[in-house]
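Structure at a glance
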Amino acid sequence: MTGTRRRAAGAARADLVIVANRLPVDRVVQPDGSVTWRRSPGGLVSALAPVMAKQPGAWIGWPGDVVEDVKPFEHEGMALIPVTISATEYEEYYEGFSNATLWPLYHDVVAKPEFHREWWDSYVEVNRRFAEAAAEAAAEGAMVWVQDYQLQLVPALLRELREDLRIGFFLHIPFPPAELFSQLPWRRQILEGLLGADIVGFQLSGAAQNFIRLVRQRVGHKTHRDSVYLPDGRMVTAKAYPISIDTAAFEALAASPEVQERAARIRSDLGNPRKLFLGIDRLDYTKGIYARLRAFSELIHDGHFTVEDATFVQVASPSRERVDQYRILRDDIDRLVGHINGDLGRIGRPAISYLNASFPQSEMAALYVAADIMVVTPFRDGMNLVSKEYVASRIEGDGALVLSEFAGAAEELRQAYLVNPYDINGMKAQMLEAYLADDKEQRRRMKAMRKTVAENDVATWASSFFEDLALVRQGHDKQVKPARRS
Ligand code: G6P
């Protein structure tokens, strides 16, 4: 198949193709049988959707529902090309290999990864399907940007089909040190899959170094700094591109009268506490939700403040609900919140308002505007865009961010109240410090963080990746102009 050009009948081919497990919108079947599309969950889509809204291109992904056939369609100026997966593949490729093998392995084995050979076979099969769809959708010399851990074999499979393409890969989650990655029975195949790309991008430079070291150790290629030299003369670059958010859009949303009014309403509905703490996460065991709620409840229990002084709103959006570890987590948090509110709450004054639901961006923005202290305490997180969204939403320049050292964002947001989420007492101390901080101190910290988030937004992230990819020379001259914000 090497070098073959394949093309769907009648479909225009794109100069820029995004390949991600999910489309930016999920297919939802309403009770009356009609189909609607809703924004997909997670940081990947919230970062890439605004990038792609500003330039023409195609997005290949799964429609978020097990269906046999969904036709390509247009959405906000983008060509969306659905790749379907069967019910068995949903279990083996998505819930299994992606989210019960790779996800825990890449997040410091916070949960124990499971290794099953049939899950791997399904992962290979689905990755091949995505690569074929990309080969069909991409124009001659196009840039194809493959996203995240679900599709690590796509770069090499796609290069076999289309050697004319410039292929980029970006990993949104952490890339583990060799000591952990080496547990994976298919470690060499994954590394070789990624090496099909011209550029392999990571959130942090430490992750890129982990990758380079593993390639040297496990595949035996020559490496120097951020470069890998393949025997066929090709060079692959591995480096960090820390992802961000559409800062200006978030600021504008936060400043809108609707969001401001909603924020005031949220505070009054909560009984106008002196301080409002907030957590917003997918309900995932990497996020450290349990530990943070315990820390908060102990501060009340120890008498540092009362439920009249402070309340905690925790939004946990449902995620991967049939995977065992997620089911266990949901039960654990339900029980913990019940205990805490039973022990510490008063009538009309729960210590924790717990919402196990997803909300539109405007509601998130209202929560960010309403909250005095944002608490982001993952045990490990690739970046964590919620922390950046909070900072962008603090248009008045106040508010405090409590942030785990183990979130990628901690490398940039140094003025946050940094915590080790494994250290409950340390976390309590920092949460209390944020609670007690005077306005001047809060503003000093927030000002510096707001500068960082304003300077490094998602457009800067994408254009630095596109610029590097456009420089890759493979005997053809076609280049896509990176999108720039006006
Ligand atoms: C994280 C991952 C994404 C993923 C998202 C939502 O942000 O990096 O690749 O799409 O979580 O998870 P889900 O399994 O629902 O797609």
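Moving on to empty space enclosed by the protein. Considering all chains together, one arrives at two cavities of 30 Å³ or more under this definition. Every residue lining the second largest cavity is listed: Gly399, Ala400, Leu401, Gln415, Ala416, Tyr417, Gln442, Arg445, Met446 and Met449. Elements with a minimum of two residues in the lining of the second largest cavity: β17 (400-404) and α15 (439-455). When residues in the lining of the second largest cavity are grouped by element, the largest group, four residues, is from α15. For the lining of the second largest cavity, the class distribution of residues is six nonpolar, three polar and one charged.

The subject of this paragraph is the domain arrangement of the chain. Interface size is commonly expressed as the accessible area that is lost once the parts come together. Here the chain is described as being made up of domain 1 (5-240) and domain 2 (247-455). The straight-line distance from the C-alpha centre of domain 1 to that of domain 2 is 30 Å. With 24 residues of domain 1 in contact, the opposing surface of domain 2 contributes 20 residues. Summed over both partners, the interface of domain 1 with domain 2 buries about 1,700 Å², with 58% contributed by carbon and sulfur atoms. Of all residues in domain 1, Trp103, Val110 and Leu204 bury the most surface against domain 2, accounting for 29% of the area lost on that side. Counting across the domain 1 and domain 2 interface gives two salt bridges. A salt bridge links Glu95 to Arg322; the nearest nitrogen and oxygen atoms lie 2.9 Å apart.

The full count for this structure, using the stated rule, is 34 aromatic pairs. Centroid distance Phe175 to Phe181: 5.1 Å. Interplanar angle 40 degrees. Geometry classified as tilted. Plain terms: the ring middles of Phe202 and Phe211 are 5.5 Å apart, the flat faces sit at 45 degrees to each other, and that makes the pair tilted. When its relative accessible area of 1% is taken as the criterion, Phe202 is described as buried. Within the aromatic cluster, the residues linked to one another by ring pairs are Trp145, Phe170, Tyr241, Trp461, Phe465 and Phe466. Between Arg445 and the ring centre of Tyr417, over which it is positioned, the NZ or CZ distance is 3.7 Å.

Below, the discussion takes up the side chain of Ser182. Considering the arrangement of structural elements, one finds Ser182 in the loop between α5 (178-181) and α6 (187-194). A polar atom in the side chain of Ser182 sits 2.6 Å from the backbone oxygen of Ala178. Excluding its chain neighbours within four sequence positions, the residues that come into contact with Ser182 are Arg187, Leu214 and Arg218.

Successive residues of a regular strand alternate their side chains across the two faces of the sheet. Of all five residues making up strand β4 (residues 58-62), five are buried, and the element is well covered by its neighbours. By the alternation rule, side chains of β4 split into Ala58, Ile60 and Trp62 and Trp59 and Gly61, which are all buried. Pairing geometry for strand β1 (residues 14-22) and β4, over four bridges, is parallel. Across the sheet, residue Val17 finds its bridge partner in β4, namely Ala58. Taken together, the four bridges between β4 and strand β6 (residues 78-82) define a ladder with parallel strand orientation. Looking at the pairing, Gly61 lines up with Pro82 of β6.

For the rest of this paragraph, the subject is the packing of helix α3 (residues 117-137) against helix α4 (residues 154-161). Describing two packed helices takes the angle between their axes plus the distance from one axis to the other. α4 packs onto α3 with a crossing angle of 45 degrees between their chain directions and a minimal axis gap of 9 Å. The angle between the axes of α3 and α4 places the two elements in the oblique class. In this structure, α3 meets α4 at a crossing whose hand is right-handed. From α3, Asn127, Arg128, Phe130, Ala131, Glu132, Ala134 and Ala135 reach across to α4, where they touch Val154, Leu157, Leu158 and Leu161. Of the residues in the contact of α3 with α4, the class split is eight nonpolar, one polar and two charged.

As a further point, take the sheet that holds strand β16 (residues 373-376). The parallel open sheet is built from six strands, whose spatial order is β15-β14-β13-β16-β17-β18. With partners counted over all chains shown, the strands left at the sheet margins are β15 (352-355) and β18 (417-419), one partner each. Across the sheet, the mean angle separating the axes of adjacent strands is 15 degrees when strand polarity is ignored. Of the strand pairs in this sheet, β17 and β18 are connected by three bridges, and their pairing is parallel. Across the sheet, residue Ser404 finds its bridge partner in β18, namely Val419. Running at roughly 170 degrees to β18, helix α14 (residues 424-436) makes contact with β13 (275-282), β14 (310-317), β16, β17 and β18 of the sheet.

What follows covers helix α2 (residues 87-106). The end-to-end C-alpha separation of α2 is 25 Å, well short of the 28 Å expected for 20 residues at 1.5 Å each. Of all bends in α2, the biggest is about 40 degrees, found at Gly96. Counting buried positions along α2 yields 15 of 20 residues, so the element is predominantly enclosed. With its phi angle positive at about 60 degrees, Asp108 sits one or two positions after the end of α2.

About the thresholds
- Residues numbered from 1 in each chain as written.
- Predicted model: local features only at pLDDT ≥ 70, side-chain atom pairs only at ≥ 80, totals over all residues.
- Heavy atoms only, no water.
- 1 Å grid on protein atoms, 1.4 Å probe; cavity = no way out; pocket = protein on both sides within 12 Å on 5 of 7 lines; lining within 4 Å.
- Points joined across faces, edges and corners; volume = space filled by probe spheres on them.
- Helix = DSSP H or I, 4+ residues; strand = E, 2+ residues; numbered from the N terminus.
- Nonpolar A, V, L, I, M, F, W, Y, C, P; charged D, E, K, R; others polar.
- Domains from an automatic or database assignment.
- Contact = heavy atoms within 4.5 Å.
- Buried area = accessible area lost by both parts, 1.4 Å probe.
- Salt bridge = Lys/Arg side-chain N within 4 Å of Asp/Glu carboxyl O.
- Phe/Tyr/Trp six-rings, centres within 6.5 Å; stacked < 30°, edge-to-face > 60°.
- Buried < 20%, exposed > 50% of the residue type's maximum accessible area, 1.4 Å probe, protein only.
- Lys NZ or Arg CZ within 6 Å of the ring centre and 35° of its normal.
- Polar contact = N/O pair within 3.5 Å; in protein donor to acceptor, adjacent residues only side chain to side chain.
- Pairing = 2+ DSSP bridges.
- Axes fitted to C-alpha atoms, helices over the stretch in contact; angles between N-to-C directions.
- Parallel < 35°, antiparallel > 145°, perpendicular 65-115°, else oblique.
- Left-handed = near helix turned anticlockwise from the far one by under 90°.
- Expected span 1.5 Å × (residues − 1).
- Bend = angle between axes of the 7 residues up to and from the residue.

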